[in-house]
Structures are given as C-alpha cells and as structure tokens.
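The residues making up each chain are set out below.
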Amino acid sequence: SAPWLGVAPANGSGDAILTLTPQANPDMASRSATITAGGQAIEVTQAGLVCSYVLSPAVLALDSGAWIAAVTLKVASGCAWSAQSSVPWLSITPASGNGDGALTLTAQANAGTGARTGTIAIGGQSVQVTQAGVVVAAPVCSYALATSALSLGAAAQSVSVALTAGAGCAWTAASDVPWLTSAPDHGSGSGTILLAAAANPATSARTGIVTIGGQALQVAQAGTTQPVAPVPV
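Residues numbered from 1 in each chain as written. Predicted model: local features only at pLDDT ≥ 70, side-chain atom pairs only at ≥ 80, totals over all residues. Heavy atoms only, no water.

Draft legend 1. Up close: the overall build of the protein chain. Scanning the protein chain from N- to C-terminus turns up 0 helices and 22 strands. Expressed along its principal axes, the backbone C-alpha trace of the protein chain runs to roughly 165 × 25 × 20 Å. Counted over contacts in the protein chain with a minimum sequence separation of 6, partners at least 24 positions apart contribute 49%. Carbon and sulfur atoms make up 58% of the accessible area of the protein chain, which totals about 13,700 Å². Across the protein chain, the centroid of the 4 positively charged side chains sits 12 Å from that of the 7 negatively charged ones. (Helix = DSSP H or I, 4+ residues; strand = E, 2+ residues; numbered from the N terminus. Contact = heavy atoms within 4.5 Å. Areas by Shrake-Rupley, 256 points an atom, 1.4 Å probe, with all protein chains shown as cover. Lys, Arg positive; Asp, Glu negative; His and termini not counted. Charge placed at Lys NZ, Arg CZ, Asp CG, Glu CD.)

Draft legend 2. Looking closely at the state of the cysteines. One pass over the full model with this rule turns up 2 disulfides. Bridging Cys51 to Cys79, the disulfide has an S-S length of 1.8 Å. Judged by the torsion about the S-S bond (-95 degrees), the Cys51/Cys79 disulfide is left-handed. Highlighted residues: Cys51 in the loop between strand E4 (40-46) and strand E5 (54-56) and Cys79 in the loop between strand E7 (67-74) and strand E8 (80-85), separated in sequence by 28 residues. On the basis of relative accessible area, Cys51 is assigned to the buried category, the value being 18%. With a relative accessible area of 0%, Cys79 lands in the buried category. In this model Cys141 forms its disulfide with Cys169; the gap between the sulfur atoms is 2.1 Å. An S-S torsion of about -90 degrees defines the bridge between Cys141 and Cys169 as left-handed. (Disulfide = S-S within 2.5 Å. Buried < 20%, exposed > 50% of the residue type's maximum accessible area, 1.4 Å probe, protein only.)

Draft legend 3. Main features of unusual backbone geometry. Here the amide bond leading from Ala8 into Pro9 is cis, since omega sits at -5 degrees, within 30 degrees of zero. Along the polypeptide, Pro9 turns up in the loop between strand E1 (5-8) and strand E2 (19-22).

Draft legend 4. Inspection of the nonpolar core at higher detail. Counting residues in each nonpolar core, the largest one holds 24 residues, and the members touching the most others are Tyr53, Leu73, Leu90, Leu105, Ile122, Val127 and Val129. Going through the elements one at a time, strand E6 (59-62), E7, E8, strand E9 (90-93), strand E11 (101-107), strand E12 (116-122) and strand E13 (125-131) are the ones with two or more residues in this core. For Tyr53, the residues in contact, after removing those within four places along its chain, are Leu73, Lys74, Val75, Cys79, Ala80, Trp81, Ile122, Gly123 and Gln125. By size, the runner-up hydrophobic cluster in this structure holds 21 residues, among which are Leu163, Cys169, Val210 and Ile212. (Core = buried A, V, L, I, M, F, W, Y, C linked by side-chain atoms within 4.5 Å.)

Draft legend 5. Layout of the environment of Ala165. In this fold, Ala165 is placed in strand E16 (residues 157-165). Filtering out sequence-adjacent residues up to four positions away, Ala165 remains in contact with Ser142, Tyr143, Gly189 and Ser190.

Draft legend 6. Up close: the sheet that holds strand E19 (residues 186-188). Across the sheet, which stays open at both edges, the 5 strands sit in the order E15-E22-E21-E17-E19 with mixed pairing between neighbours. The open sheet has two edge strands with one neighbour each: strand E15 (149-152) and E19. If you compare each strand with its neighbour and ignore which way they point, the axes differ by 20 degrees on average. Two elements, E15 and strand E22 (residues 215-221), share 4 bridges in a ladder whose sense is parallel. Within E22, the position partnered with Leu152 by the bridge is Gln221. (Pairing = 2+ DSSP bridges. Axes fitted to C-alpha atoms, helices over the stretch in contact; angles between N-to-C directions.)

Draft legend 7. Spotlight on the packing of aromatic side chains. Applying the stated criterion to the full structure yields 0 aromatic pairs. Sitting over the ring of Trp89, Arg116 keeps its end group 4.1 Å from the ring centre. The side chain of Arg206 reaches across the aromatic face of Trp179, ending 4.2 Å from its centre. (Phe/Tyr/Trp six-rings, centres within 6.5 Å; stacked < 30°, edge-to-face > 60°. Lys NZ or Arg CZ within 6 Å of the ring centre and 35° of its normal.)

Structure follows, in structure tokens:
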C-alpha cells in the first residue's frame, strides 16, 4: 500500500515465502504500510529516523579579541537541526540545517575586564565558550619629593612638601617617630603633604623620617635653647 515497501514475489500459487523490502525512513516520524496477499493483510510499521548530534569541539577558550572559530556537527542525513545561543555576543552560522554541517562560530570582542561565558546548543549538545576579559596593564609608577631633607626649629610647626607621582599611582605616608605626622597619610597621583612637628621640649636636637611613596624625607628638629643665667652683681 506504500511505495517505500516492496514485496517479492508479487504473485504465485500455493505456499510461498514472501520477502518484504522496506526503504530507509528519512523522516523522524514512524510510518505504516500494508502487504495484502491472498486476501490476508500484514501491517508493517517502520520506526522514524533516530537522530543523534555530536558537536566538536565541546569547549572553546578565547582571548578578549573578536573570534571566528570552526565547529563541526555530525548527524545522520535527514536529521534537521537549529542552533541557539545563550548570549547576544556569540552566534553561529548557519543557524539551521539538515544533516552534517561545517559551522562558523563568531564571538564579538570583550571590552570588559572580566571573563564571560556563553553556550551554543544544537540537538541537546552544546559548545561552551569562555572568553577572557581585557588585560589592563598596571601603571608604571614613579615618585619624587620636592626635597629629601628639612631642618626645623624647636617650636611646633607645619611644613608642606610637594610629591610628584603618575596619575593613578597610589602612595602612603608614614613617620617613624610619634612627634612627626603627615596629612593625608595616603593618596593617589601628585599632591601636597602637610608635615606637622610637635614642639621639641628637649635641649638636644632630634630627627625623624617620613616615607612617602617609597621616598624618604629626613626631618631634623633643633632642641630648645636654655635661657642664660643672670650674672650676680
């Protein structure tokens, strides 16, 4: 009853062995036909095409630039397929087809610094794509103080010191003695640091070092001068 199912011999007399010859089913749906011989019917049901899909490679690791990569799809002839992307920056062409295919995967450049992932899926199989972010080079930082040494009197006082540094270059300021402080104690780029020295109550001079951006500034503070005793008359 159907052209895809043949029978031989087509006629005869007496007992016989009939040979049924079905053609391959190119569709995924099953199909049925009937052989009628001597008024008796044999119903034949043929299963549909069983499709299995294999994508290669299954994993791709890309750098941050725009990419075009080859993807191979293996599938039986007659098996239709369509491709879906999980992210807008990742696409594949052709987007649909039938049977085996040589596909082209296209990834847009990643302008961000963080890595990102996406997936192309076909027939229950997937290609997982990881794309690195842009590598931002750390700035090469150099620091310079307007002076490397200061001499101060014994009285409490504040002195400004200029620091030259590249844009985005972070720095800290720290003193090795409690009577000498700096404000601010951290920052970025060029700036002015205010050094504050407490009064020196001692008669002897003292020294301290403030380190700013890895540069040392030596501060010497004079001692308090003792009053001269009066000469008795």
